[in-house]
Amino acid sequence: MGTFLGYRCSICGKDYSPEAVTYTCPNDGGNLDVTLDYDRIRAEIDPSYVMASKDGSIWRYLPLLPVDDPGHFDTPLRAVGWTPFYAPTRLADDLGLSNLWLKDDGRNPTASFKDRASAVVVARAQAIGAEVVVTASTGNAGAALAGMAAAVDIPAVILAPQDAPQAKVAQLLIFGAQVFLIEGSYDEAFDLTLEAAEAFGWYCRNTGYNPFTAEGKKTAAFEICEQLTFNLGAVHEPPHQWEAPDAVFVSVGDGNIISGLHKGFKDLFELGWIKCVPRLYGVQSHGSAAIYNAFTNGTEEIKPVQAQTLADSISVDMPRDGLRAVRAATETGGAFLAVQDEDILEAVRELAQKAAVFAEPAGATSYAGLIKAVSEGHVEPTDNIVLLNTGNGLKDVKAALKAAGEAIVIKPTLEALERALN
Ligand SMILES: *Cc1c(COP(=O)(O)O)cnc(C)c1O
Ligand SMILES: [Zn+2]
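### Points about the site of ligand 1
The immediate surroundings of ligand 1 are formed by 16 residues, with Lys-114, Asn-140, Gly-253, Asp-254 and Thr-390 found nearest. For ligand 1, an oxygen atom lies 2.8 Å from a polar atom in the backbone of Gly-253. A distance of 2.9 Å separates an oxygen atom of ligand 1 from a polar atom in the backbone of Asn-256. With the chains in place, 98% of the 380 Å² that ligand 1 exposes on its own is no longer accessible. Here the residues of the shell around ligand 1 are counted per class, giving four nonpolar, eight polar and four charged.

### What about the sheet that holds strand S7 (residues 156-161)?
The four strands lie next to each other as S8-S7-S6-S9, forming an open sheet whose pairing is parallel. For this open sheet the edge positions go to strand S8 (178-182) and strand S9 (203-204), each flanked by a neighbour on one side alone.

### Some points on the packing of aromatic side chains
Applying the stated criterion across every chain, the model contains twelve aromatic pairs. Look at Tyr-7 and Phe-212: their rings are 6.3 Å apart centre to centre, the planes differ by 85°, and that puts the pair in the edge-to-face class. Here Phe-212 lies in helix H8 (residues 211-217) and Tyr-7 lies in strand S1 (residues 4-9), a separation of 205 residues in the sequence. A relative accessible area of 1% places Tyr-7 in the buried class. Ring plane angle 45° and centroid distance 4.9 Å describe the contact between Phe-200 and Trp-202, whose orientation is recorded as tilted.

### Side note on the pattern of salt bridges
Under the counting rule described, the total for this entry stands at 25 salt bridges. In this structure, the salt-bridge partner of Asp-33 is Arg-324, at a minimum N-O distance of 2.6 Å. Here Asp-33 is found in strand S3 (residues 32-36), whereas its partner Arg-324 is found in helix H12 (residues 322-330), with 291 residues between them in sequence. Judged by relative accessible area, which is 9%, Arg-324 ranks as buried.

### Points about the environment of Pro-26
Within the fold, Pro-26 resides in the loop between strand S2 (15-16) and S3. Each C-alpha atom, one on Pro-26 and one on His-240, is 40 Å from the other, the two residues being 214 residues apart in sequence. Among residues more than four places away in sequence, those in contact with Pro-26 are Tyr-16 and Val-21.

### Some thoughts on the domain arrangement of the protein chain
The domain boundaries assigned to the protein chain delineate domain 1 (1-44) and domain 2 (76-110 + 213-404). A C-alpha centroid distance of 25 Å is found between domain 1 and domain 2. Carbon and sulfur atoms supply 52% of the area buried between domain 1 and domain 2, which totals about 980 Å² over both sides. Area buried by domain 1 at its contact with domain 2 is led by Asn-31, Tyr-38 and Arg-42, which between them contribute 47% of it. For the pair domain 1 and domain 2, the interface holds one salt bridge. Partitioned by chemical class, the residues of the side of domain 1 that touches domain 2 number six nonpolar, two polar and two charged.

### Notes on the sheet that holds strand S13 (residues 385-389)
Two pairing modes exist for strands in a sheet, parallel and antiparallel, and in both the strands are linked by backbone hydrogen bonds. The strand order S4-S5-S13-S10-S11-S12 describes an open sheet built from six strands, whose pairing is mixed. Since the sheet does not close on itself, it has two edges, and those belong to strand S4 (85-86) and strand S12 (335-339), each with one partner. Examined bridge by bridge, strand S11 (residues 279-285) and S12 share five bridges and lie parallel to one another. Residue pairing across strands places Tyr-281 opposite Ala-335, the latter belonging to S12. Sheet contacts for H12: S11 and S12; angle to S12, the most-contacted strand, approximately 110°. This element, helix H13 (residues 341-355), spans S4, strand S5 (100-104), S11, S12 and S13 of the sheet and lies at about 100° to S12.

### Remarks on the coordination of the zinc ion (ligand 2)
Bound to the zinc ion (ligand 2) on the protein side are Cys-9 (SG), Cys-12 (SG), Cys-25 (SG), Asp-28 (OD) and Asp-28 (OD), at distances that span 2.3 to 2.4 Å. Along the chain, the residues donating to the zinc ion (ligand 2) fall in the pattern C-x2-C-x12-C-x2-D. Taken together, the positions of Cys-12 in the loop between S1 and S2 and Asp-28 in the loop between S2 and S3 put the pair 16 residues apart, joining distant regions of the chain. Assessed through its relative accessible area of 38%, Cys-12 is described here as partly exposed.

### Structural notes on the pairing of S12
The buried fraction of S12 amounts to five of the five residues, a majority that puts the element mostly inside the structure. Residue alternation in S12 divides its side chains into two sets, Ala-335, Leu-337 and Val-339 and Phe-336 and Ala-338, and both sets are buried.

### Topic: the pairing of S3
Counting buried residues in S3 gives four out of five residues, a clear majority hidden from the surface. Here five bridges tie S1 to S3, and the two strands are oriented antiparallel to one another. The residue bridging Phe-4 from the neighbouring strand is Leu-36, located in S3.

Parameters at a glance
- Residues numbered from 1 in each chain as written.
- Chains lettered and ligands numbered in written order.
- Predicted model: local features only at pLDDT ≥ 70, side-chain atom pairs only at ≥ 80, totals over all residues.
- Heavy atoms only, no water.
- Near = heavy atom within 4 Å.
- Polar contact = N/O pair within 3.5 Å; in protein donor to acceptor, adjacent residues only side chain to side chain.
- Areas by Shrake-Rupley, 256 points an atom, 1.4 Å probe, with all protein chains shown as cover.
- Nonpolar A, V, L, I, M, F, W, Y, C, P; charged D, E, K, R; others polar.
- Pairing = 2+ DSSP bridges.
- Helix = DSSP H or I, 4+ residues; strand = E, 2+ residues; numbered from the N terminus.
- Phe/Tyr/Trp six-rings, centres within 6.5 Å; stacked < 30°, edge-to-face > 60°.
- Buried < 20%, exposed > 50% of the residue type's maximum accessible area, 1.4 Å probe, protein only.
- Salt bridge = Lys/Arg side-chain N within 4 Å of Asp/Glu carboxyl O.
- Contact = heavy atoms within 4.5 Å.
- Domains from an automatic or database assignment.
- Buried area = accessible area lost by both parts, 1.4 Å probe.
- Axes fitted to C-alpha atoms, helices over the stretch in contact; angles between N-to-C directions.
- Donors = N, O, S within 2.8 Å, 3.2 Å for Na, K, Ca; no water.

Spelled out as structure tokens, the structure:
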């Protein structure tokens, strides 16, 4: 349909054509928001057009994305998104919430939310004829890019910190990416990636740098509204509209997921497809809380921290999408919350035992934040609240065992079993 108009800088507000820039604002380095031709989208389709789609993936929202259909119906690109959305009743009861919803983005092709971003970036890479894609990653963004790039046969180069969980490194390697483990932090890998992309002419996917990642991530906001509407049985007569939840909880590292969600809800609001934008709650670990700190101090200025948290996917010294992340909370009436690593491990255990969702620590951080938000009165018991799990627990088995404890080893006899049971 061709609704991609260009970019607008989140700092200076300057507009750019699609050809004028690739990554960030040349004036001030600000993150770029993709601008779409809302008038044209509104004139040509409405929510019922999307609801009639048989495509169970992010590509059902193609008219709202700044890329063309990637084709390849049988590849992982086509399997990204449309993740399970349901009411976790035991969690809800224990929290005293009557309308809690869980969206499990661990159920993506490479088992994290990052597939949404990487699928759209790879579609963009195809459109501009990129020969090599590259990203810095704590693990998940890299695994997602490696998987999506393999699907369309574009070579991928991934730079991750040396201490990335083993399962994530295995994913990078098995998808055939060229993997370099950096003797240093994610932030150092990030800066090196920018240099390498420039030096070698690679197309860079870095989170909070490439404007197409947020465009991929916004599809979760679309799904939340469409799936909530479906679950509430609330399909309206023309003019069709979707229900938006009252609040969404998500874990935050660089701040690109929460910025992407914000963009998605704003797109739908701008189109008149929802009546209001939900309150967005970002949850960080106290050990990596640069955006939480800025929010709490009432400023948009992000100061770097020395990140130290077992939730590796949200371990970030200098968030690359901090400004838009702060705005996602302030502009929607949401907030940033911070939790301790012990609370995150407890959240991993509870999510598994009460909702049968096995999340990696960063994935369960949103739930730890929800518990805190309930106790601090950020939400009403009857609010429609969406809790996002962003990553599968199999990606970090070491952390899971820390939360779960060790299994008991016994001799293969009934006697030994009885003794162990006592
Ligand atoms: C990347 C990631 C996050 C945080 O996303 P940001 O855009 O860095 O804020 C949260 N959870 C998981 C599992 C992730 O991989
Ligand atoms: Zn600018």
